[in-house]
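# Structural overview
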Amino acid sequence: MYSRPIDSIGFVESFDPEVSAMMQRELVRQQDGIELIASENFASPAVIAAMGSILTNKYAEGLPGKRYYGGCQFVDELESLCIQRAKDLFGAEFANVQPHSGAQANMAVELAILQPGDTMMGMSLANGGHLSHGSPANISGKYYNVVSYDVNHETGLIDYDQIRDMAKKCNPKLIIAGASAYPRAIDFSIFADIAHEVGAVFMVDMAHIAGLVAGGAHQSPVPYADIVTTTTHKTLRGPRGGLILGREEFAKKINSAVFPGTQGGPLEHVIAAKAICLKEAAQDSFKDYAHNVVANAKVMAQALLEEGFDLVTGGTDNHLMLADLRPMHITGKELQQRCDENHITLNKNAIPGDPEKPSVTSGVRIGTPAATTRGLGAQEMKQIAKCIAMTARDFEGTKAEVRATVAQICEKYPLYR
Ligand SMILES: *Cc1c(COP(=O)(O)O)cnc(C)c1O
């Protein structure tokens, strides 16, 4: 996969060797390691090239055909194409492709739907939700009255009955479904029923699963939700950025909440890259990719269970799993650090009801989107699960063998070479 070198680093070198050297070291880190961070991926050379283009020079506040600057005729075409591709790919009535990130997309929706002090519901950060779903540390938790729901701490699963009860008690204006660290399929139709019962607007943040949705490997939230937000750089495999989809009736409010509500000029170079990634995600090969991501996650989960790891919910339906490390007598922080030294990149992650601090944690989150893009399959998933287990059990005694296995896999599946 991606058997083309990324030539921008060499280009930068003649102008700024200092920056170029840092970029080069990061490229080699990506090439020589196994990437298991569930929110990361490898964008195609075309996506990367569009981001590094002259489109960054253009100011285009406003929307296509309604700009506050002259000279927007070509970026108007580009942004309109991107909007159309987003609507077509996900079957949405409306799209805004300007959010600079997933958090910015969520902030805009919250601004569009809520007044300061209004009640909203979202999954708590400690249970797999996202900061922008109402964490006290985020603007959403400071400006709105947030009622957070947890997963069931015994099963690790979303408890829809409990969410319904909470919604009936607090009468939220907005209910958010979607997570950063939930290993199972989310049933958007039940959430939509709950939202309708209490008269709330229903938003799904599909940041993590957008690529699975595009590829038909997870139920789409679009038919059920009033508004859907996403990032474009996770399973969707595009540029770092955000996207809002929804029903036409919300279009006007959301457009003004993005600009001028929460952002200034759009990043037209990133919008060009979003358009490319949306085209890529509409190909049949992307459907295969999405299904392979899920298949790889299932193999990895099974292999980790066989190695003695405990998995939250016992497994996975999507691209990620949460390993509860308590049976292995190691913290998330320690395992992340050891894996880093062995060129396996993953992140510490709280498990539901985690007794450890968020900076330590009892778990790690493991995802397959990036490794699957690179071409790794079932055999490598088993090898990697074994490497993680060896790293957890006997780091010093096994590191030579683990590093050799990692190097051999990276050699077999070259990236940007
Ligand atoms: C990653 C993520 C975001 C935030 O995306 P950024 O681009 O980092 O701002 C929002 N919501 C969820 C559920 C996420 O996983």
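Right, let's walk through the structure included here. (Residues numbered from 1 in each chain as written. Predicted model: local features only at pLDDT ≥ 70, side-chain atom pairs only at ≥ 80, totals over all residues. Heavy atoms only, no water.)

## Some thoughts on the environment of F188
The topology assignment puts F188 in helix α8 (residues 188-198). For F188, a relative accessible area of 1% translates into the label buried. Counting along the chain gives 14 residues from F188 to F202, while the straight-line C-alpha distance between them is 9.5 Å. (Helix = DSSP H or I, 4+ residues; strand = E, 2+ residues; numbered from the N terminus. Buried < 20%, exposed > 50% of the residue type's maximum accessible area, 1.4 Å probe, protein only.)

## Some thoughts on unusual backbone geometry
Between F259 and P260 the backbone carries a cis peptide bond, its omega angle lying at 10 degrees. Relative to the assigned elements, P260 resides in helix α10 (residues 251-262). Its identity as a non-glycine residue notwithstanding, T361 has a phi of 65 degrees, on the positive side. In this structure, T361 sits in the loop between β14 (347-348) and β15 (363-367). With relative accessibility at 2%, the residue T361 sits in the buried group.

## Comments concerning the nonpolar core
If you look at the biggest cluster of nonpolar residues, it comprises 62 residues, and the most contacted ones within it are F90, F191 and L245. Sort the elements by how many residues they give to this core and helix α11 (residues 268-281) lands first, with seven residues. In this structure, L36, M328, M390 and A392 belong to the second largest nonpolar core, which totals 35 residues. (Core = buried A, V, L, I, M, F, W, Y, C linked by side-chain atoms within 4.5 Å.)

## Side note on a nonpolar patch on the surface
On the surface, Y59, Y68 and Y69 cluster together to form a nonpolar patch covering roughly 380 Å² of accessible area. Taking relative accessible area as the criterion, Y59 reaches 46% and is therefore assigned partly exposed. (Patch = residues over 30% accessible without salt bridge, like charges linked within 9 Å, V, L, I, M, F, W, Y side chains within 5 Å. Areas by Shrake-Rupley, 256 points an atom, 1.4 Å probe, with all protein chains shown as cover. Salt bridge = Lys/Arg side-chain N within 4 Å of Asp/Glu carboxyl O.)

## Describing the packing of aromatic side chains
In this description, an aromatic ring pair is defined by two values, namely the gap between the centres and the angle between the planes. A full pass over the atoms with the stated rule returns nine aromatic pairs. Between F11 and F15, the ring centres sit 5.5 Å apart and the planes meet at 45 degrees, which makes this aromatic pair tilted. Residue classification places F11 among the exposed residues on the basis of a relative accessible area of 58%. Ring centres 5.2 Å apart and planes at 55 degrees place the aromatic pair F286 and Y289 in the tilted group. With F286 and Y289 both in helix α12 (residues 284-306) and three residues apart, this pair spans about one turn of that helix. For F286, a relative accessible area of 2% gives the class buried. Three or more aromatic residues joined by ring pairs form one cluster here, namely Y149, Y160, F191 and F202. (Phe/Tyr/Trp six-rings, centres within 6.5 Å; stacked < 30°, edge-to-face > 60°.)

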